[in-house]
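Chains, contacts and geometry: an overview
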Amino acid sequence: MYIFLDIDGVLVKEDLPGAEINEDLMKFDEECLNTFESVIRRYENSKIVISSSWIEIFALETIKTLFSSEVAEKIMGATPRLNQPLKYFRYHEVLDYLKQNEAEPWVAIDDIAEHFPPDAPVIVTNPYIGFDKNAADKLEYFLANGELPE
Ligand SMILES: [Mg+2]
């Protein structure tokens with residue numbers, strides 16, 4: 001099962017207004033990463049596809065090094081980037097990826113719900129909190145059942 005994973009607002013928390021700017025750009029939030037990885041580790045069938053603007057800045061192999069090696073092995077690639085601005089652009093990038101690969105149930109994890117149509121399977125995170133227990137419960141449900149809870 002595919003997990004289309006955004007990074008900013010999911011594994012990297014957005015700085016609160018007025019907060020000190022985090023200079024270390026290439027670093028995940030430890031707690032968000034641990035919460036995410038603890039679910040992924042329990043499901044053999046999970047396949048991660050990076051769906052983030054990070055792919056425009058860093059090589060996929062570099063991004064993989066920020067995950068534990070066990071989880072990095074499950075990163076299959078990244079979604080192709082759309083050149084033109086498009087409504088629901090991230091959703092279209094997911095569809096492009098699925099067209100080029102075997103179709104399987106999928107879910108996206110993103111802090112911006114508006115990147116997807118309302119009926120798309122998305123776990124929406126709060127950008128200031130990132131991937132938390134609530135998101136982990138939904139991801140776990142998806143990996144166990146192939147769909148999100150109602
Ligand atoms: Mg984001």
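Residues numbered from 1 in each chain as written. Predicted model: local features only at pLDDT ≥ 70, side-chain atom pairs only at ≥ 80, totals over all residues. Heavy atoms only, no water.

Description of the packing of helix α1 (residues 30-40) against helix α5 (residues 133-145)
- The interhelical angle for the contact between α1 and α5, taken along N-to-C directions, is 15 degrees, at an axis separation of 10 Å. One element, α1, and the other, α5, form an angle in the roughly parallel class. In terms of crossing hand, the pair formed by α1 and α5 is right-handed. For the pair formed by α1 and α5, the contact residues are Thr 35, Phe 36, Val 39 and Ile 40 on the first element and Lys 133, Ala 136, Leu 139, Glu 140 and Leu 143 on the second.
- Split by residue class, the contact of α1 with α5 holds six nonpolar, one polar and two charged. (Axes fitted to C-alpha atoms, helices over the stretch in contact; angles between N-to-C directions. Helix = DSSP H or I, 4+ residues; strand = E, 2+ residues; numbered from the N terminus. Parallel < 35°, antiparallel > 145°, perpendicular 65-115°, else oblique. Left-handed = near helix turned anticlockwise from the far one by under 90°. Contact = heavy atoms within 4.5 Å. Nonpolar A, V, L, I, M, F, W, Y, C, P; charged D, E, K, R; others polar.)

Section: α5
- Counted at 1.5 Å a residue, the expected span for α5 with its 13 residues is 18 Å, and the 18 Å between its end C-alpha atoms agrees.
- Among the residues making up α5, those that are buried are Ala 135, Ala 136, Leu 139, Phe 142 and Leu 143. Considered in projection along α5, the buried side chains sweep an arc of 125 degrees and stay on one side of the axis.
- Those residues of α5 hidden inside the fold are in contact with β1 (2-5), α1, β4 (106-110) and β5 (122-124).
- Gly 146 sits one or two positions beyond α5 and adopts a positive phi of about 80 degrees. (Expected span 1.5 Å × (residues − 1). Buried < 20%, exposed > 50% of the residue type's maximum accessible area, 1.4 Å probe, protein only. Arc of directions from axis to C-beta.)

A closer look at the pattern of salt bridges
- On inspection of all chains with the given rule, the structure shows 12 salt bridges.
- For the salt bridge of Glu 37 with Arg 41, the shortest nitrogen-to-oxygen distance reads 3.1 Å.
- Note on Glu 37: relative accessible area 3%, which makes it buried.
- Between Glu 93 and Arg 81 there is a salt bridge, with the nearest N and O atoms lying 3.2 Å from each other. Taken together, the positions of Glu 93 in helix α4 (residues 89-100) and Arg 81 in the loop between β3 (75-78) and α4 put the pair 12 residues apart, joining distant regions of the chain.
- Arg 81 sits in the partly exposed class, given a relative accessible area of 24%. (Salt bridge = Lys/Arg side-chain N within 4 Å of Asp/Glu carboxyl O.)

Structural notes on the coordination of the magnesium ion
- Around the magnesium ion, the protein supplies Asp 6 (OD), Asp 8 (O) and Asp 111 (OD) as donor atoms, at distances of 2.0 to 2.2 Å.
- Site description for the magnesium ion: donor spacing in sequence, D-x1-D-x102-D. One end of the pair, Asp 8, is in the loop between β1 and α1; the other, Asp 111, is in the loop between β4 and β5, with 103 residues separating them in the sequence. (Donors = N, O, S within 2.8 Å, 3.2 Å for Na, K, Ca; no water.)

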